[in-house]
Amino acid sequence: MSLLKKNRNYLFISIISFFWIFCFSFNKNIWVDELATIEFAVSGDNIVQVVKNTLEGDPTVAPLFYILAHLWLKVISFNRISLRILPEIIVAISIFVIGKLGEKIGGKKIGIIAAIFTMGSVNYINFSAYSFRMYGLMFLFTTISIYLYILRLEYIDTKREWIYSILYGINLTLLCYSQYFGALICLSLGIFDLILILLKKLKLKKLYPYFIVVLIFFPYLLIAYQNTIDKWGAFWPAIPTYQSIITIFNILIPYSTVIKWFFLLGIINLIYSFILSKKEKNYQYIKERKYQLLLLEIIIIVLFTAFIYSKYINSTFSIWVDRYFVCLMPSTIIVSAIAIKNTFQYFFKEKKALIISWVMLLLCMFYHEAIELYNYNIYQPFEEASDYLKMQQDIYDQTTLVYVPIPCIEGWNYCVASKGKYPIFQSVGYYDNFPFIDLNNYETIYIVNFPAQITEVQIEELNKNFSGQIIENTLNIWKYTRDKSMESRTE
């Protein structure tokens, strides 16, 4: 059987997924995190400089996606549509891979269901396809890692073992370089290996793929950690509670409450079957469900580690960020797929009834997803704001300044220039200590008053020498002009 024919179902779903995702991408604004990606991606003339600048400027973010973004921005014509084709391609590939993983764990039907579920996972598409960030890479390399992990064990003590083991180690390294959170997936898989070693199902010497991770990734991690020390994480998330775990599951599991109950049913059935099989010494059943237990172990280890770190070890700079848990979606999606397949086959014995039930479920799911994807948008209209400012007659004057309350002002400038099509006007961000800088050379100041609002202290400082008014309500853009009467009164 040819490779294409063998994988045609997943290839078809993957291609359809790309066009499905692309159709809803036209109304999505470029938001501040994407400007941050652009800033570091264009910060150097080559990949080495991009990595160096990432280490110095934003060491808490792994550099792999910045490298891909650097290469991507060299070849595209800059706009929100072309920008996101890269993450959309990554998502489409990941849908193909999770189909293969689902088939490896539960058979062809599970593979198809898992691929369709991923295609219809609103949160995954929003986080990964409609954001010029690294989350699609996290999902992709997590899925490939689990797939290679299984192949490695299947071909243990054969000629193919070392090939899959080396590929497994390299892929784990790529996962860690996609997002440091990926190290928790590496930890989970390593712990499962240790369990197999304790059960005498695996030899200690078979752990050598993890040394690839240590050799290639660990030195970079040490340098990055030294640059941050106690600020390893994000400053904005709240300290997680037990309710936070439920919230994460609501994000991870696709579609409605019904699918969430299927996921819970799948977990309960898996644990119950494992306990019963252990009691009855049905080790063949345990062997057959070993990789389903692996998925459950990954979920538990990642959630537990992130929770303990964020709540008790470093609550000021937490790693409990909902988007980071995208790496758990392959596990939750496949567990849900197994549960729903088994449930449907139990209740719908006749083939016709089974087909009708599947069609109805898919129609409901994709109708729901179409509405969600169409309406989803992080409203931070940087492109529209820059276009509006370009139309102002005085915008390129030496006496005009633009304040944008974001940390990634170079990303904003790249957006303004649209890859060199337009000149850049003078802009500053909130790292520039605005307005407590020398404003004597400026007659006009434009304020792009999003995503953060200008503070009362900043307004008070501006009002000493300038008078302002809003000039664009939809974009929330303000214009401050020097007030000569205030200067004369001051004198």
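Here, every reference points to the structure presented above.
As a convention, each chain's residues are numbered from 1 in the sequence order in which they are written. Side-chain atom pairs in this predicted model are given and counted only at pLDDT of 80 or more, local residue features only at pLDDT of at least 70, and totals for whole chains, interfaces and linings cover all residues. With hydrogens and water excluded, all non-hydrogen atoms of the structure serve as input to the side-chain values.

(A) Spotlight on the environment of N29. Numbered from the N terminus, helices here are DSSP runs of H or I no shorter than four residues, and strands are runs of E no shorter than two. Tracing the sequence through the fold places N29 in the loop between α2 (8–23) and α3 (32–41). With a 1.4 Å probe rolled over the protein chains alone, any residue whose accessible area is under 20% of its type maximum counts as buried; one over 50% counts as exposed, and the rest are partly exposed. Classification of N29 by relative accessible area gives buried; the value is 5%. Once the C-alpha coordinates of N29 and E383 are considered, the two residues, 354 residues apart in sequence, prove to be 7.5 Å apart. Apart from the residues within four sequence positions on either side, N29 is in contact with E34, R80, R84, N377, I378, Y379, Q380, P381 and E384. Of note is the side chain of N29, whose polar atom sits 3.1 Å from the side chain of E384. It only takes one pair of heavy atoms within 4.5 Å for two residues to be counted as in contact. Within 3.5 Å is the distance limit for a polar contact, defined as a pair of N or O atoms, with the added protein rule that one can donate a hydrogen and the other accept it, and that residues adjacent in sequence qualify only through two side-chain atoms.

(B) Up close: the environment of I471. Considering the arrangement of structural elements, one finds I471 in strand β4 (residues 466–472). Under the relative-accessibility criterion, I471 is labelled partly exposed at 27%. In the structure, I471 is positioned 25 residues away from Y446 in sequence and 9.4 Å away in space, judged by C-alpha atoms.

(C) Focus on a nonpolar patch on the surface. Patch construction takes residues with relative accessible area above 30% that form no salt bridge. Like charges are linked within 9 Å, and nonpolar side chains (Val, Leu, Ile, Met, Phe, Trp, Tyr) are linked within 5 Å. Where accessible areas are quoted, they stem from the Shrake-Rupley method and a 1.4 Å probe; at the residue level, only the protein chains shown are allowed to cover. Just to be clear on terms, a salt bridge is a Lys or Arg side-chain nitrogen sitting within 4 Å of an Asp or Glu carboxyl oxygen. The grouping of W162, I163, I166, L167 and I170 at the surface amounts to a nonpolar patch, some 440 Å² of accessible area in total. Among the structural elements, I170 can be located in helix α10 (residues 161–178). Among the residues examined, I170 registers a relative accessible area of 39% and is labelled partly exposed.

(D) Up close: the packing of aromatic side chains. Stacked, tilted and edge-to-face pairs are distinguished by plane angle, under 30 degrees for stacked and over 60 for edge-to-face with tilted covering the rest, among Phe, Tyr and Trp rings (Trp via its six-membered ring) whose centres lie within 6.5 Å. For the structure shown, the criterion picks out 27 aromatic pairs. Within the aromatic cluster, the residues linked to one another by ring pairs are F181, Y242, F307, W320, Y324 and F325. The side chain of K28 reaches across the aromatic face of Y130, ending 4.9 Å from its centre. By the criterion adopted, a ring carries a charge over it if an Arg CZ or a Lys NZ lies within 6 Å of its centre and within 35 degrees of its normal.

(E) Examining the packing of helix α9 (residues 135–154) against α10 more closely. Interaxial distance between α9 and α10 falls to 9 Å at its minimum, and their mutual angle equals 160°. Comparing their axes, α10 and α9 come out roughly antiparallel. Two packed elements cross with a definite hand, and for α9 against α10 that hand is left-handed. Counting all contacts with α9, which are made through L137, M138, F141, T142, I144, S145, L148, Y149, L151 and R152, the residues of α10 involved are E161, Y164, S165, L167, Y168, N171, L172, L174, L175 and S178. Here the nonpolar group is Ala, Val, Leu, Ile, Met, Phe, Trp, Tyr, Cys and Pro; Asp, Glu, Lys and Arg are the charged ones; every other residue, Gly included, is treated as polar. Looking at the contact of α9 with α10 residue by residue, the classes come out as 13 nonpolar, 5 polar and 2 charged. Every axis in this analysis is a line fitted to C-alpha atoms, fitted for helices over the stretch in contact. Angles between the N-to-C directions lie between 0 and 180 degrees. Each angle receives one of four descriptions, namely roughly parallel if under 35 degrees, roughly antiparallel if over 145, roughly perpendicular if within 65 to 115, and oblique otherwise. Left-handed describes a crossing whose near helix is turned anticlockwise from the far helix by less than a right angle; the clockwise case is right-handed.

(F) Summary view of the pattern of salt bridges. Per the stated rule, a full pass over the model turns up 13 salt bridges. Its salt-bridge partner being R323, residue D33 comes within 3.5 Å of it at the nearest N-O pair. On the criterion of sequence distance, the pair formed by D33 in helix α3 and R323 in the loop between α16 (290–313) and α17 (329–347) is long-range, its members being 290 residues apart. Here D33 matches R323 in class, with each residue buried. Of the charged contacts in the structure, one is a salt bridge between K104 and E154, with a shortest N-O distance of 3.2 Å. A residue pair is termed long-range when its members are at least 10 positions apart, and K104 in helix α6 (residues 80–106) and E154 in helix α9 qualify at 50 residues.

(G) Seen up close, helix α19 (residues 382–390). The buried count for α19 comes to 7 of 9 residues, which makes it a mostly enclosed element. What α19 keeps buried is the set F382, E383, A385, S386, Y388, L389 and K390.

(H) View of the sheet that holds strand β5 (residues 477–482). Paired strands, as defined in this entry, are two strands with at least two bridges between them according to DSSP. Strand order in this open sheet of 5 strands is β2-β1-β3-β5-β4, and the pairing throughout is mixed. Edge positions in the sheet fall to β2 (427–428) and β4, since each of these pairs with one other strand and no more. Taken together, the 5 bridges between strand β3 (residues 444–448) and β5 define a ladder with antiparallel strand orientation. Bridge pairing links T444 to T481 in β5.

(I) Structural detail: the pairing of strand β1 (residues 400–403). The alternating pattern of β1 places T400 and V402 on one face and L401 and Y403 on the opposite face, and all of these are buried. In terms of strand pairing, β1 meets β3 through 4 bridges, oriented parallel. Its bridge partner lying in β3, Y403 is registered against I447. Both β1 and β2 contribute to a ladder of 2 bridges, which runs parallel.

(J) Seen up close, the packing of α3 against helix α5 (residues 64–75). α5 packs onto α3 with a crossing angle of 75° between their chain directions and a minimal axis gap of 8 Å. Viewed along their axes, α3 and α5 adopt a mutual orientation that is roughly perpendicular. Counting all contacts with α3, which are made through A36, T37, I38, F40 and A41, the residues of α5 involved are F65, Y66, A69, H70 and L73. Across the contact of α3 with α5, the residue classes break down as 8 nonpolar, 2 polar and no charged.

(K) View of unusual backbone geometry. The omega torsion across F434 and P435 is 0°, close enough to zero to call that bond cis. Within the secondary structure layout, P435 lies in the loop between β2 and β3. The phi torsion at K200 lies on the positive side, around 60°, for a residue other than glycine. Within the secondary structure, K200 is located in the loop between α11 (182–198) and α12 (209–226). In the Ramachandran plot, S418 falls in the positive-phi region, its phi being about 50° despite a non-glycine side chain. Judged by relative accessible area, which is 13%, S418 ranks as buried.

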